[in-house]
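# Results of the structural survey
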Amino acid sequence: MICFLAKFFIKDNDKVNLPSVRQSYGVLSGATGIAFNIILFLSKFFAGLVSGSIAIMGDAFNNLSDAASSVVTLVGFKLSGQEADEDHPFGHGRIEYIAGLIVSLFIVIMGVELIHSSFDKIFHPEKIEFNATIGVILLFSICIKLIMFQGNMQASKKISSAALRNTAIDSISDVFTTSIVLICAIINYYMGLNIDGFVGIVVGLLIIKAGIDAARDTISPLLGEPPSKELVNEIITTVTAHEGILGAHDLVVHNYGPTRIFMSLHVEVPADKDIIAIHDLIDDIENELHQKYHCTAVIHMDPVVVKDDERDLLKRKVKHLINELDPDLNFHDFRLVHSGEEGKKLTFDLEVPYKYDLSDDHILDYLRNHIKGIDPELEMEVTIDKEKKEKQ
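Residues numbered from 1 in each chain as written. Predicted model: local features only at pLDDT ≥ 70, side-chain atom pairs only at ≥ 80, totals over all residues. Heavy atoms only, no water.

## A word on helix α7 (residues 196–223)
Because an α-helix completes one turn every 3.6 residues, residues spaced three or four positions apart along the sequence face the same direction. Counted at 1.5 Å a residue, the expected span for α7 with its 28 residues is 40 Å, and the 40 Å between its end C-alpha atoms agrees. Glycine 224, located one to two residues past α7, shows a positive phi value of around 110°. (Helix = DSSP H or I, 4+ residues; strand = E, 2+ residues; numbered from the N terminus. Expected span 1.5 Å × (residues − 1).)

Shown next as structure tokens:
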């Protein structure tokens with residue numbers, strides 16, 4: 001639905017990498033959500049008054065909170081699209097995450113209030129009325145929420161938005177909760193079992209869970225999270241596709257909002273190449289990354305000596321040592337430094353998962369002792385890089 005409406009209301013709607021287009025999708029989603037949720041609130045509020053059902057009434061106010069959430073989403077996308085300024089040199093993109101966090105808090109608060117009201121209903125039950133009009137209203141609500149779920153989920157995938165994905169998840173949770181409310185009312189009408197308060201508690205718990213899940217998706221990028229494996233592979237492939245680049249590593253991606261990305265990485269280049277030519281190549285790669293990902297990219301050059309028989313032999317021996325320790329460990333930026341009177345020194349970076357059975361000191365002691373076995377005069381300098389992947 002959102003993507004369909006975008007064809008009429010958003011200029012260049014297919015250019016989702018543009019910050020202005022992305023912002024327009026968020027604003028359109030927020031405005032649509034406000035309209036639909038207010039309609040649902042009014043219809044369910046009427047049904048709740050007529051039936052006397054606390055679960056239906058709670059579901060109505062849940063839609064009202066959804067409307068408030070849509071307001072926050074709309075304002076959040078609007079503010080996040082502001083340009084960088086002196087006080088915020090990295091832009092305002094993270095406001096979108098803050099808006100998503102506020103939405104999740106609204107959801108949790110509404111769930112808690114519904115559970116409180118449901119307990120009161122259990123201890124002070126009242127007769128629930130049900131008729132065809134109430135049933136039609138609830139079925140209408142389910143259909144609308146399904147449309148909102150599909151629209152927001154499709155839009156979230158198109159612009160890679162956690163905020164819109166949370167909105168879609170909230171919509172599908174409303175589908176389940178309203179379905180439970182409808183079933184409860186039917187059971188009470190035909191079987192005389194008043195389980196309204198108990199179902200209200202279940203609905204409240206589902207709402208709280210949806211709020212907590214939504215909060216988790218917005219807190220993570222606020223705290224800082226690693227880029228996806230797909231994005232890392234895509235960036236590395238883009239960089240290493242250039243002739244003269246031997247490898248790339250130490251990629252770091254800082255996210256100051258979905259359209260505010262800063263990245264840095266190291267690239268390995270032949271040490272015998274002209275430094276001016278290599279510098280120009282790196283400038284070209286930085287510009288390509290900027291055009292492709294709308295990011296600021298900084299690349300550090302690591303010169304690598306090629307066709308060095310002594311270095312290549314030591315590299316094979318070190319690789320064998322590391323494989324004996326753990327075949328899942330990788331290393332890069334391998335150098336053999338001749339330091340005159342001080343002898344020779346090996347330097348390289350070793351990639352180690354964050355959660356790993358062996359301590360850094362244990363790994364370094366292992367490498368130091370075994371490398372001394374290769375050449376007692378050989379010094380070693382190893383930098384341990386922590387990786388997000390788990391040990392296999």
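## Describing a nonpolar patch on the surface
On the surface, Ile186, Tyr189, Tyr190, Met191 and Leu193 cluster together into a nonpolar patch covering about 570 Å² of accessible area. Topologically, methionine 191 is positioned in helix α6 (residues 162–191). (Patch = residues over 30% accessible without salt bridge, like charges linked within 9 Å, V, L, I, M, F, W, Y side chains within 5 Å. Areas by Shrake-Rupley, 256 points an atom, 1.4 Å probe, with all protein chains shown as cover. Salt bridge = Lys/Arg side-chain N within 4 Å of Asp/Glu carboxyl O.)

## Concerning the nonpolar core
By size, the foremost hydrophobic cluster in this structure holds 22 residues, and its most contacted members are Ile322, Leu346, Phe348, Leu350, Leu367 and Ile371. Sorting the residues of this core by element identifies α10 (309–325), β4 (330–338), β5 (344–353), α11 (360–374) and β6 (378–387) as the ones contributing at least two each. At 5 residues, α11 tops the list of elements feeding residues into this core. Apart from the residues within four sequence positions on either side, leucine 346 is in contact with Leu314, Val318, Phe334, Arg335, Leu336, Ile371, Leu378, Glu379, Met380 and Glu381. With 21 residues, the next largest nonpolar core counts Ala47, Ile56, Leu138 and Cys184 among its residues. (Core = buried A, V, L, I, M, F, W, Y, C linked by side-chain atoms within 4.5 Å. Buried < 20%, exposed > 50% of the residue type's maximum accessible area, 1.4 Å probe, protein only. Contact = heavy atoms within 4.5 Å.)

## Topic: the pairing of β5
Consecutive side chains of a regular strand alternate in pointing toward one face of the sheet and then the other. Burial within β5 is extensive, with 8 of its 10 residues counted as buried. Two strands pair when backbone bridges link them, and β4 and β5 are joined in this way by 7 bridges, in the antiparallel orientation. Along β5, the bridge assignment pairs histidine 338 with lysine 344. Note: β5 against β6, 10 bridges, orientation parallel. Counted as the bridge partner of aspartate 349 is threonine 383 from β6. (Pairing = 2+ DSSP bridges.)

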